[in-house]
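Results of the structural survey
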Number of protein chains: 2
Amino acid sequence: MEAKQRYYTILLADDHTLIRHGIRNLISNNPALKVIGEVGDGEELLEFLKTTQPELLILDISMPKLTGIEAVSRVKKLYPAVKILMLTMHKNKQYFYHAMSAGADGYLMKEDSDEELLLAIKRIQDGKSYLSPFLSQDFADDVISAYRNNRSSPFETLTKREREVLNLVVEGHTSKVMGEILCLSPRTIDHHRANLLRKFDMKNSVDLVNFAVRNGFVTPSD
Amino acid sequence: MEAKQRYYTILLADDHTLIRHGIRNLISNNPALKVIGEVGDGEELLEFLKTTQPELLILDISMPKLTGIEAVSRVKKLYPAVKILMLTMHKNKQYFYHAMSAGADGYLMKEDSDEELLLAIKRIQDGKSYLSPFLSQDFADDVISAYRNNRSSPFETLTKREREVLNLVVEGHTSKVMGEILCLSPRTIDHHRANLLRKFDMKNSVDLVNFAVRNGFVTPSD
DNA sequence: TTTTTCCTAGGTATAAATACCTAGAAAATA
DNA sequence: TATTTTCTAGGTATTTATACCTAGGAAAAA
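Every value quoted in this text rests on a predicted model; they were computed, and no experiment measured them. (Residues numbered from 1 in each chain as written. Chains lettered and ligands numbered in written order. Predicted model: local features only at pLDDT ≥ 70, side-chain atom pairs only at ≥ 80, totals over all residues. Heavy atoms only, no water.)

1. Section: the relation of the copies chain B and chain A
We apply this condition: Least squares is the method for superposing the copies, and the C-alpha atoms it fits come from residues with pLDDT of at least 70 in both. Whether two residues are in contact is decided by their heavy atoms: any pair within 4.5 Å suffices.
Of the transformation placing chain B onto chain A, the axial shift is 0.1 Å and the rotation is 180°, giving an RMSD of 0.1 Å. Viewed as a symmetry operation, the transformation between the two copies matches a two-fold axis. Relative to the rotation axis, the closest C-alpha in chain B is found at Gly22 of chain B, a distance of 1.9 Å. Mapped onto chain A, 100% of the interface residues of chain B again fall at the interface, so both copies present the same surface.

Here it is as structure tokens:
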């Protein structure tokens, strides 16, 4: 049996220094919790974990270099014992699907209060899962059960090629150009795009772009 | 002459409770500063200002109901004495143009450190303007001088109709449907869209969507 | 091994977008 | 008032996208 720990160790991963320090400040009000580190992107995160593993990782979903979702998968695979609380500003089904299927333990929104943050930490500390009440309002029970049935996100149902083509579609290329980029016939591009439209039940590329951006499949870079 | 005030009064406007409280926490470390209120959206902001005006308004650029930019214009028009520090997560030229031409006094990024926040407040308190060093790295001097010459954002050069059409284009409609929505000939829609493409030097609607989303002309709703 | 899925790409046809024109009426501006 | 801009919309032509087909080879799964 393990001796009871003095602190519950927490690592903060968020690319916004201000937010990170704000959260650290909030957490520091509770003497039972201890922030053992902060990282600003996915690379730093993995680097940090090589030497030290926190009990809880509070992770922003939109980080540079490694998206929050990918980070969840990687961290859970490498260090299954580390609990992960996703912290996001997106009230979005797809983010939720992504995060949960990737293995997150909790899902908190920045719209939530600081009390909610401490509650989320407490629940995860107790081995339970946590879902933001702000989010659960919008999620009907069937959606909750859907994720429990390991339903994957729409993006994950895409094939490799379809994902490649989707990214190029979002960049506004024509079939001809995309064909040149991928060394394929423009007709093949047409085929993949048609499949994308069919799979998502959409009518045109603009809808695809909106969908992809909205659901975080692509990051609209500066 | 006014008596020197005990506190520098600050109002926080941000739709994310967690961020808001984090900033309040950071500010509270400085006894010369006092957060006199928090609001979560543009309506609350204007309502609050009816009764009390802070010396400084710290404003997130992406708020519901009233965008940060619009809020700056309204607040500066109604209460010119209120200084405004924009707090944004977007490292983006257009946001900067928007904010500055709308009358913001400072532009801070969430990537910046808390020391930077206090520095920004200090500078504005002293009647100076503030620009995030994180941002200024990316902004060449000519860009800085450009905004000083009251150069407006690309979006502001659009006509009313063009903005309407742009919004519909972003929603993925065909010319035919857009014509029905606006009670215009699809040919007229084509004309406006062609002007949009020409004005922004772009080739297709997907590019327009990316541009509009990236620059905050439209808000990709959930 | 059989079956299925994926990737490839062509045929054909229609719909839509885009690129050039012209041009008049209304509105804003000088 | 005169000028410019905006909004309207049509003509024409080309390019692109989209919707259906077929179909063979490769890869993965059953």
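2. Structural notes on the packing of helix α8 (residues 160-170) of chain B against helix α9 (residues 175-182) of chain B
Residues and elements named next belong to chain B. Rule in force here: Think of each axis as a best-fit line through the C-alpha atoms, taken over the contacting stretch in the case of a helix, with angles from 0 to 180 degrees between the N-to-C directions. Comment: elements are numbered from the N terminus, with helices defined as DSSP H or I runs of at least four residues and strands as E runs of at least two. Here the angle decides the label: under 35 degrees means roughly parallel, over 145 means roughly antiparallel, 65 to 115 means roughly perpendicular, and every other value means oblique. Each helix crossing is assigned a hand: it is left-handed if the near helix lies turned anticlockwise from the far helix by less than a right angle, otherwise right-handed if that turn is clockwise. Residue polarity is assigned by list, with Asp, Glu, Lys and Arg as charged and Ala, Val, Leu, Ile, Met, Phe, Trp, Tyr, Cys and Pro as nonpolar; anything else, Gly included, falls into the polar class.
Contact pair α8 / α9: the axes reach a minimum separation of 10 Å and the direction vectors enclose 130°. Between α8 and α9, the angle falls in the class oblique. The hand of the α8/α9 crossing is right-handed. Counting all contacts with α8, which are made through Arg161, Glu164, Val165, Leu168 and Val169, the residues of α9 involved are Met178, Ile181 and Leu182. Taken together, the residues of the contact of α8 with α9 sort by class into six nonpolar, no polar and two charged.

3. Details of the pattern of salt bridges
Oppositely charged side chains are able to pair whenever their charged atoms sit close together. Residues and elements named next belong to chain A. The condition is simple: The working definition used for a salt bridge is a side-chain nitrogen of Lys or Arg within 4 Å of a carboxyl oxygen of Asp or Glu. Each residue is assigned to one of three classes by its accessible area relative to the maximum for its type, calculated with a 1.4 Å probe on protein chains only: buried under 20%, partly exposed between the two thresholds, exposed over 50%.
Under the counting rule described, the total for this entry stands at 14 salt bridges over all chains. One salt bridge connects Glu162 with Lys199, and the closest N-O pair in it is separated by 2.8 Å. A residue pair is termed long-range when its members are at least 10 positions apart, and Glu162 in helix α8 (residues 160-170) and Lys199 in helix α10 (residues 186-200) qualify at 37 residues. Since its relative accessible area comes to 4%, Glu162 is described here as buried. Taking the relative accessible area as the measure of exposure, Lys199 reaches 34% and is therefore partly exposed.

4. Focus: the protein's contact with DNA strand D
Applicable threshold: What makes a residue near a molecule or strand is one non-hydrogen atom of that residue sitting within 4 Å of it. N or O atoms within 3.5 Å of each other form a polar contact, as long as, within protein, one can give a hydrogen and the other can take it, and as long as residues adjacent in sequence are counted only when both atoms are side-chain atoms.
Around DNA strand D, the structure places 19 residues, and the nearest of them are Thr159, Arg161, Ser185, Thr188 and His191 of chain B. Each atom of DNA strand D within 4 Å of the protein was classed as base or backbone; sugar and phosphate made up 69%. At 2.9 Å from a phosphate oxygen of DNA strand D is found a main-chain nitrogen or oxygen belonging to Ser175 of chain A. In the model, a phosphate oxygen of DNA strand D is placed 3.0 Å from a nitrogen or oxygen of the His192 of chain B side chain.

5. Here's the deal with the packing of aromatic side chains
As a reminder of what qualifies: Two rings from Phe, Tyr or Trp (for Trp, the six-membered ring) form a pair when their centres sit within 6.5 Å of each other. Planes less than 30 degrees apart are called stacked, planes more than 60 degrees apart edge-to-face, and all others tilted. Comment: the charge-over-ring label is applied if NZ (Lys) or CZ (Arg) is within 6 Å of the ring centre and within 35 degrees of the ring normal.
For the structure shown, the criterion picks out zero aromatic pairs over all chains. Taking the ring centre of Tyr7 of chain B as reference, the NZ or CZ of Lys34 of chain B above it sits at 5.2 Å.

6. Describing the sheet that holds strand β5 (residues 106-109) of chain B
The strands making up a sheet are joined through hydrogen bonds of the backbone, oriented either antiparallel or parallel. Residues and elements named next belong to chain B. How we decide: Strands qualify as paired when DSSP identifies two bridges or more between them.
Taken in spatial order, the six strands line up as β2-β1-β3-β4-β5-β6 in an open sheet, and their pairing is parallel. Where the open sheet ends on each side, the last strands, each with one partner, are β2 (33-39) and β6 (130-131). Its contacts with the sheet place helix α1 (residues 17-28) against β1 (8-13), β2, β3 (56-60) and β4 (83-88), and it is angled at close to 170° to β2.

7. Some remarks on the protein's contact with DNA strand C
In the vicinity of DNA strand C there are 19 residues, among which Thr159, Arg161, Ser185, Thr188 and His191 of chain A approach most closely. If you look at DNA strand C and keep only atoms within 4 Å of the protein, 69% of those are sugar or phosphate atoms. A distance of 2.7 Å is found between a phosphate oxygen of DNA strand C and a side-chain nitrogen or oxygen belonging to Thr159 of chain A. A distance of 3.0 Å separates a phosphate oxygen of DNA strand C from a polar side-chain atom of Arg193 of chain B. Those elements that place two or more of their residues in the surface near DNA strand C are α8 and α10 of chain A together with α10 (186-200) of chain B. Along the lines of polarity and charge, the residues of the surface near DNA strand C split into two nonpolar, 10 polar and seven charged.

8. Some points on α9 of chain B
All names here are of chain B. Short version of the rule: Comment: arc refers to directions from the helix axis out to C-beta atoms.
Within α9, burial applies to Ser175, Met178, Gly179 and Leu182. Mapping the buried residues of α9 onto a view down its axis gives an arc of 105°, with all of them on the same face. Of the residues in α9, the exposed ones pointing more than 90 degrees away from the buried face are Lys176 and Glu180. Check the buried side of α9 and you find it contacts α8 and α10. Trailing α9 by a residue or two, Cys183 shows a phi angle of about 55°, which is positive.

9. Concerning the environment of Val209 of chain B
Residue placement: Val209 of chain B occurs in helix α11 (residues 205-214). Taking the relative accessible area as the measure of exposure, Val209 of chain B reaches 1% and is therefore buried. With 38 residues separating them in the primary sequence, Val209 of chain B and Glu171 of chain B have C-alpha atoms 8.6 Å apart. Ignoring any residue separated from it by four or fewer positions in sequence, one finds Val209 of chain B in contact with Val206, Val209 and Asn210 of chain A together with Val169 and Val170 of chain B.

10. Here's the deal with unusual backbone geometry
For Cys183 of chain A, which is not glycine, the phi dihedral falls at a positive 55°. Tracing the backbone shows Cys183 of chain A in the loop between α9 (175-182) and α10.

11. With respect to the sheet that holds strand β1 (residues 8-13) of chain A
Residue and element names in this part refer to chain A. The sheet built from six strands is open, its strands ordered β2-β1-β3-β4-β5-β6 with parallel pairing. Strands at the two margins of the open sheet, each flanked by one partner only, are β2 (33-39) and β6 (130-131). Pairing of strand β5 (residues 106-109) with β6, which is carried by two bridges, proceeds in the parallel orientation. In the sheet register, Gly106 faces β6, and the bridge partner there is Tyr130. The sheet contacts of helix α2 (residues 42-51) involve β1, β2 and β3 (56-60), and relative to β2 the element is tilted by about 125°. Against the sheet, helix α5 (residues 114-125) touches β1, β2, β3, β4 (83-88), β5 and β6, its axis set at about 155° to β4.

12. Describing the environment of Arg20 of chain B
All names here are of chain B. You can see Arg20 is positioned in helix α1. Overall, Arg20 belongs to the buried group, its relative accessible area being 12%. In contact with Arg20, other than residues within four places in its own chain, are Leu12, Asp14, Asp15, Glu38, Val39 and Gly40. Engagement of the side chain of Arg20 in a polar contact is seen with the side chain of Glu38, the distance being 2.9 Å.

In short, shape yes, function no, at least from these values alone.
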